[in-house]
Amino acid sequence: MLGLMQNHPLLISGLLDFAARYHGDSEIVSRRVEGDVHRTTYAQVRQRAAQCAHALDALQIAAQDRVGTLAWNGYRHFELYYAVSGSERILHTLNPRLHPDQIAWIINHADDRAVCFDLTFAPLVKAVAKRCPGVKHWIALCEADTLPAELAATVAGVLSYEALLAAQSSEYPWPVFDENTASSLCYTSGTTGHPKGVLYSHRSTVLHAYAAALPDVMNLSARDAVLPVVPMFHVNAWGIPYAGALTGAKLVFPGPALDGKSLFELMRDEGVTLAAGVPTVWLGLLNFMREQQVRLPALQRTVIGGAAAAPAMIRAFEEELGIHVLHAWGMTEMSPLGTLCSLKNKHLKLDKASQFALQVKQGRPIFGVDVRVVDGNGADLPWDGKSAGNLLVRGPWIASDYFRSEAPSPLQDGWFPTGDVVTIDADGYIQITDRTKDVIKSGGEWISSIELENIAMAHPGVAIAACIARPDPKWDERPLLVVVKREGATLDRDELLRFYEGKVAKWMIPDDVVFVPAIPLGATGKMLKNRLRDELVGGKPSAPQP
Ligand code: ADP
């Protein structure tokens, strides 16, 4: 017997309609590429998204066609999120930090019909346009009179976004269709092999937005002002553009200005209560706030994820700045939220040190994400907080396959292998010890590169640290620590290695330290350990398998 409930599809357009109706005057504030700060509201975004959907109709972009974006976090990008998906097309957020060859490859693989871009990325568009014959329209996110004539002359099919919208009606009857219809597309950064397309659906996106807003997740409400530092081209800014509309939260978009000073000023001026981003971006903000001795009284919490947040960073936010850190873990394939670290009622009785020991973990699964930890043979390992193995996940916002992939589905008996090595404790708290390909295998034992990095990061002379495997004739691999010193710090190899004594077993202490001016970061702000391995130790022959 089926339930007697209305079968009303979960569609992305519904989120914006809701926000426009009940939070019509909630603000969307954006630092623009032009440098100024722009203000709009959900009600106005609803109207402009309607105009944009009409413009896409006029360009004869069909339902389910892909519309690419090369854009910073800002109101026009936000309008496209709703206009493209709401009108049954597929929003394809491209990562402009990738190499132009890779961007051209991704545009062609996705078969994008149009690409909308911030003028910052005009040189990129010029570099790839000729190689992407499937793209019929290159839409510059600017007014007609700011569209550079030279761009229009060199790239066929360049249009001004504002000119396209101007003539259109601000009413658009959003189509109603199956909630499992594809809504958006995001390629993983492809640190190994070609990038892979993750194709989200309306259903997965709306369910993920509900989950993101939960109290033990981001705890979003209409009282929040949220600033996603995480780019809208990196897994849909972790779902904040959708969860923001679902809750009516004010949204604050930083545009291209991601340095500590610019972020600080925008957060201060807009009363931001929640911000979210990868650890490397927070280093800039932390340094700025420390140097200038300034604070952000309105900022209650930050979500830090995408790579391990070092305990030293979490402590600095909590104790020096009074900002609560929510450590989160996820993947492009998971929309991306998988776990988030919040305490349970029983933990409130614990002393500060025990609470902190929990808080530095990546957290426990959100309802909707099932997890397992398995050994190399696929057998379940105990949830004892010690047994490390491969993390498998499944759930309604987790990918079942990649877009236009010729390879077999990645699923193993319905479970998605994350490529992360983890422990899970009896309460379900997950700790990521490594990515499978970064684990250091020494004499048959595993050494967690994240653990060794976290220790180095707690040394006051260290700005950032990466730990990689160096091939070793006797032990197979040994840890090598790569460090960027904090400005003005005097620190040498022996002092840093002594810092490990008593913190990990002797055999886990890195063999050596290499000081470098900078650690290469990937397109989503994560440390590129494969590049470090190539440059410093001649690569890693094979990824160890658990
Ligand atoms: P890519 O694989 O291109 O880097 P993702 O952005 O999807 O793409 O990265 C997901 C991976 O990032 C996870 O599988 C995990 O290894 C890592 N990661 C994400 N969040 C955390 C975290 N809080 N701690 C440690 N690793 C993390």
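The name given to the protein chain in an unreviewed UniProt entry is Acyl-CoA synthetase (AMP-forming)/AMP-acid ligase II, with Thiomonas bhubaneswarensis as the source organism.

Asker: Break down the overall build of the protein chain for me, with residues and values.
Answerer: Broken down by element type, the protein chain carries 17 helices and 25 strands. The C-alpha radius of gyration of the protein chain comes to 23 Å, within 12% of the 24 Å expected for a compact globule of 546 residues. Considering only C-alpha atoms, the protein chain reaches an extent of 70 × 65 × 50 Å along its principal axes. A separation of at least 24 residues holds for 66% of the contacts in the protein chain among residues at least 6 apart in sequence. Placing the 52 positive and 59 negative side-chain charges of the protein chain at their respective mean positions leaves the two points 2 Å apart.

Asker: How would you explain the site of the ligand if you had to name every residue and give the values?
Answerer: Taken together, 15 residues form the shell around the ligand, and within it Ser 189, Ala 328, Thr 332, Asp 420 and Lys 526 come nearest. Measuring from an oxygen atom of the ligand, one finds a side-chain N or O atom of Arg 435 at 2.9 Å. Relative to its unbound accessible surface of 570 Å², the ligand loses 94% to contact with the protein. Here the shell around the ligand gets four residues from one element, more than from any other, and that element is strand β14 (residues 324-330). Looking at the shell around the ligand, its residues break down into five nonpolar, seven polar and three charged.

Asker: Quick rundown of the pattern of salt bridges? Include the residues and the values.
Answerer: Oppositely charged side chains can pair when the atoms bearing their charge come close. Following the criterion strictly, the structure yields 33 salt bridges and no others. The closest approach of N and O atoms between Lys 250 and Glu 27, which form a salt bridge, is 3.7 Å. Separated by 223 residues along the polypeptide, Lys 250 in strand β11 (residues 250-253) and Glu 27 in strand β1 (residues 27-31) bring together distant segments of the chain. Looking at Lys 250, the relative accessible area reads 17%, which means it is buried. Put simply, Glu 319 and Arg 315 hold a salt bridge, and the shortest N to O gap is 3.2 Å. Here Arg 315 and Glu 319 lie together in helix α13 (residues 311-320), a separation of four residues that amounts to about one turn. Where salt bridges share partners, they join Arg 32, Glu 34, Asp 36, Arg 48, Arg 76, Glu 79 and Glu 162 into one cluster.

Asker: I'd like a rundown of the pairing of strand β17 (residues 370-374), residues and numbers included.
Answerer: Across the five residues of β17, four count as buried, placing the element largely inside the fold. In this sheet, strand β18 (residues 389-394) lies alongside β17 in antiparallel orientation, the contact comprising five bridges. For Arg 372, the partnering residue across the bridge sits in β18 and is Leu 392.

Reading the values: rules and limits
- Residues numbered from 1 in each chain as written.
- Predicted model: local features only at pLDDT ≥ 70, side-chain atom pairs only at ≥ 80, totals over all residues.
- Heavy atoms only, no water.
- Helix = DSSP H or I, 4+ residues; strand = E, 2+ residues; numbered from the N terminus.
- Rg over C-alpha atoms; globule rule 2.2 N^0.38 Å.
- Contact = heavy atoms within 4.5 Å.
- Lys, Arg positive; Asp, Glu negative; His and termini not counted.
- Charge placed at Lys NZ, Arg CZ, Asp CG, Glu CD.
- Near = heavy atom within 4 Å.
- Polar contact = N/O pair within 3.5 Å; in protein donor to acceptor, adjacent residues only side chain to side chain.
- Areas by Shrake-Rupley, 256 points an atom, 1.4 Å probe, with all protein chains shown as cover.
- Nonpolar A, V, L, I, M, F, W, Y, C, P; charged D, E, K, R; others polar.
- Salt bridge = Lys/Arg side-chain N within 4 Å of Asp/Glu carboxyl O.
- Buried < 20%, exposed > 50% of the residue type's maximum accessible area, 1.4 Å probe, protein only.
- Pairing = 2+ DSSP bridges.

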